[in-house]
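Take a look at the letters that make up each chain.
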Number of protein chains: 2
Amino acid sequence: MAQARDEETGQERRVRGRRSDARRNAELIIDAAWDVLGRDPGASMGDIAQGAGVGRVTLYSHFGSRPELVEAVLAHAMTDAEASLRTVDLGGDPRAALTRLIDSSWRIVDRSRALLRAAQDELSPERIRALHEAPMRRIHTLIERGQSDGIFRADAPTAWLVATFYSVLHTAADEITADRLTEEAAPHAITGTLLAAYTPPGQPVPDVPPAGNR
Amino acid sequence: MAQARDEETGQERRVRGRRSDARRNAELIIDAAWDVLGRDPGASMGDIAQGAGVGRVTLYSHFGSRPELVEAVLAHAMTDAEASLRTVDLGGDPRAALTRLIDSSWRIVDRSRALLRAAQDELSPERIRALHEAPMRRIHTLIERGQSDGIFRADAPTAWLVATFYSVLHTAADEITADRLTEEAAPHAITGTLLAAYTPPGQPVPDVPPAGNR
DNA sequence: GGTTTCCCGAACACATGTGTTCGGGTTAAT
DNA sequence: ATTAACCCGAACACATGTGTTCGGGAAACC
């Protein structure tokens, strides 16, 4: 009794005895970790504590180890992403839906790229994939619908098209970082590439819809 | 005088006084590093020395630091890749040429993926890109030709299509590692995706040519 | 066969990070 | 106002890695 699932970490904690400043600090730490790891995937626990304006000991009282913290941060980021993607209408024409999804996804991917790298150094691939599950399911479902409608190519597994989706988004993020792609040009490049990649053989590649009515 | 560019590292070394076992050890070390780092990007200098059947001190007498070694290994791998790609005929129909290029590239990418990760932890992005220059130029040239022939889409920068090429190849490698894609299915998936992604808007997506006459 | 070059284990100095313990001080809760 | 929960600097133990020094022994070169 007197237990509940913590909304962020999913870990069980006593709620009765949890003081308000402790709860606030846990959030400060997660936010700081998101920020610091987002800039430098190799940042130390000390760096993160400092970023949160908190002692290193305090940090360890909330998150027992580095992997534990990284996992909490990634989970938090995925929850955020899910919340943002939930507002996107994935109905109607699959191609239009895909375009909308890209528009509201690519910045998120861009921002959490370094964090993902930190996670890859600390967490197992299975764990990372599990944490990605919620947002990934949205994409998977959309692509699957497009495939059964004959709009997206069905001669490749859905999982492959999903992997391609992430791949292109991450590539765009890398190209932006390297200053070979501007933020303005990114959505057009991504959308054009993916709409084409998803077009069934024999069918014409669609034009990228203009930045309006999305 | 009495100096020459070392074929592998590009570094200057006295040639006159270089004993044969020393030269052989340097090669052993590079080979071992390729192998060990290819399995674990985080492997230590000690691990690599052991893999080469050589003392750690000997390793340091050949490569002054970890970044120096990693750079030499990556350079060696790129030279190898170049040699392999040089045999590919990139003339004729750009789509057919692309297919041939993929067929002889994707395994190489698959095998040097972990090494690339090691390099990313040690070398600057600019340095890594510079080392990739030779093989990348082949792809760049081919894509550019396809674009000016109207076969590949020209509404995106050549650099973006090149980035997409690498991206899809690396994704396939990841999917193979995760057992979500078989080695047999990989070439078809990669080729199908890239041929489609490169098709100009309005034109039909080509079928993937069968595994014959390449 | 003499000389130079190279090998390489042992040991060292150093840096950096993780995770824990201690103890006094602070703050939220009732 | 009292109590229990929490903060947090300092110090510690530990692990792991890098790069260097030393010195005897082995191998290559002429």
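Given the structure is predicted, the values throughout are model-derived calculations rather than measurements.

A. View of the protein's contact with DNA strand C. Lining the immediate surroundings of DNA strand C are 22 residues, of which Arg19(A), Arg56(A), Arg66(A), Arg19(B) and Asn25(B) lie closest. With respect to DNA strand C, the side chain of Arg19(A) contributes an N or O atom lying 2.7 Å from a base oxygen. Taken together, the elements giving at least two residues each to the surface near DNA strand C come down to helix H3 (56–62) of chain A together with helix H1 (20–39) and helix H3 (56–62) of chain B. For the surface near DNA strand C, the element with the highest residue contribution is H3(B), accounting for five residues. For the surface near DNA strand C, a count of residues per class yields six nonpolar, nine polar and seven charged.

B. How the structure looks around the domain arrangement of chain A. Residue and element names in this part refer to chain A. Under the domain assignment used here, chain A contains domain 1 (3–64) and domain 2 (73–197). A straight line from the C-alpha centre of domain 1 to that of domain 2 covers 28 Å. At the junction of the two partners, domain 1 supplies eight residues and domain 2 supplies nine residues. Summing the contributions of domain 1 and of domain 2, the shared interface buries around 870 Å²; its carbon and sulfur component is 72%. Where domain 1 packs against domain 2, one counts zero salt bridges. Here domain 1 is connected to domain 2 by zero residue pairs in polar contact (both at pLDDT 80 or more). When grouped by side-chain class, the residues that make up the side of domain 1 that touches domain 2 number five nonpolar, one polar and two charged.

C. Up close: the packing of helix H5 (residues 94–103) of chain B against helix H9 (residues 133–148) of chain B. Residue and element names in this part refer to chain B. It is the contact of H5 with H9, at a shortest axis distance of 10 Å, that shows an interaxial angle of 160°. Comparing the axis directions of H5 and H9 gives the class roughly antiparallel. Every pair of crossing elements has a handedness; the one defined by H5 and H9 is left-handed. Residues Pro94, Ala97, Leu98 and Leu101 of H5 pack against Ile139, Leu142, Arg145 and Gly146 of H9. Of the residues that constitute the contact of H5 with H9, the class distribution is six nonpolar, one polar and one charged.

D. Representation of the environment of Val88(B) in the model. All names here are of chain B. Relative to the helices and strands, Val88 is located in the loop between helix H4 (66–86) and H5. Assessed through its relative accessible area of 12%, Val88 is described here as buried. Excluding residues within four positions of it along the chain, Val88 makes contact with Arg100, Leu101 and Ser104.

E. Layout of the relation of the copies chain B and chain A. Overlaying chain B with chain A gives an RMSD of 0.0 Å, the required rotation being 180° about an axis along which the chain moves by 0.0 Å. The relationship between the two copies is best expressed as a two-fold rotation axis. Of the C-alpha atoms belonging to chain B, the one lying closest to the rotation axis is found on Pro204(B), 1.8 Å away. When the interface residues of chain B are mapped onto chain A, 100% of them again lie at the interface, so the same face is used by both copies.

F. Spotlight on the packing of aromatic side chains. Residue and element names in this part refer to chain B. Scanning the entire structure with this criterion turns up four aromatic pairs over all chains. Measuring from centroid to centroid gives 6.0 Å for Phe165 and Tyr166, while their planes differ by 90°, and the two rings are edge-to-face. Comparing Phe165 with Tyr166 shows no difference in burial state: the two are buried.

G. Expanded view of the protein's contact with DNA strand D. Residues in close proximity to DNA strand D total 23 residues, the closest being Arg19(A), Asn25(A), Ser20(B), Arg56(B) and Arg66(B). For DNA strand D, the fraction of protein-proximal atoms (within 4 Å) that sit in sugar or phosphate groups is 63%. At 2.8 Å from a base oxygen of DNA strand D is found a side-chain nitrogen or oxygen belonging to Arg56(B). Within the contact set of DNA strand D, a phosphate oxygen lies 2.8 Å away from a side-chain nitrogen or oxygen of Arg66(B). Among the elements of the structure, helix H1 (20–39) and H3 of chain A together with H1 and H3 of chain B are those that each provide at least two residues to the surface near DNA strand D. Sorting elements by how many residues they give to the surface near DNA strand D places H3(A) first, with five residues. Of the residues assigned to the surface near DNA strand D, the class counts are six nonpolar, nine polar and eight charged.

H. A look at the interface of chain B and chain A. Contacts between the two partners involve 33 residues from chain B, matched on the other side by 33 residues from chain A. Across the chain B/chain A interface, buried area totals approximately 2600 Å², and carbon plus sulfur atoms make up 57% of it. Counting across the chain B and chain A interface gives two salt bridges. Notably, a salt bridge pairs Arg117(B) with Asp121(A), separated by 2.6 Å at the nearest N-O pair.

What counts as what
Residues numbered from 1 in each chain as written. Chains lettered and ligands numbered in written order. Predicted model: local features only at pLDDT ≥ 70, side-chain atom pairs only at ≥ 80, totals over all residues. Heavy atoms only, no water. Near = heavy atom within 4 Å. Polar contact = N/O pair within 3.5 Å; in protein donor to acceptor, adjacent residues only side chain to side chain. Helix = DSSP H or I, 4+ residues; strand = E, 2+ residues; numbered from the N terminus. Nonpolar A, V, L, I, M, F, W, Y, C, P; charged D, E, K, R; others polar. Domains from an automatic or database assignment. Contact = heavy atoms within 4.5 Å. Buried area = accessible area lost by both parts, 1.4 Å probe. Salt bridge = Lys/Arg side-chain N within 4 Å of Asp/Glu carboxyl O. Axes fitted to C-alpha atoms, helices over the stretch in contact; angles between N-to-C directions. Parallel < 35°, antiparallel > 145°, perpendicular 65-115°, else oblique. Left-handed = near helix turned anticlockwise from the far one by under 90°. Buried < 20%, exposed > 50% of the residue type's maximum accessible area, 1.4 Å probe, protein only. Least-squares fit on C-alpha atoms with pLDDT ≥ 70 in both. Phe/Tyr/Trp six-rings, centres within 6.5 Å; stacked < 30°, edge-to-face > 60°.

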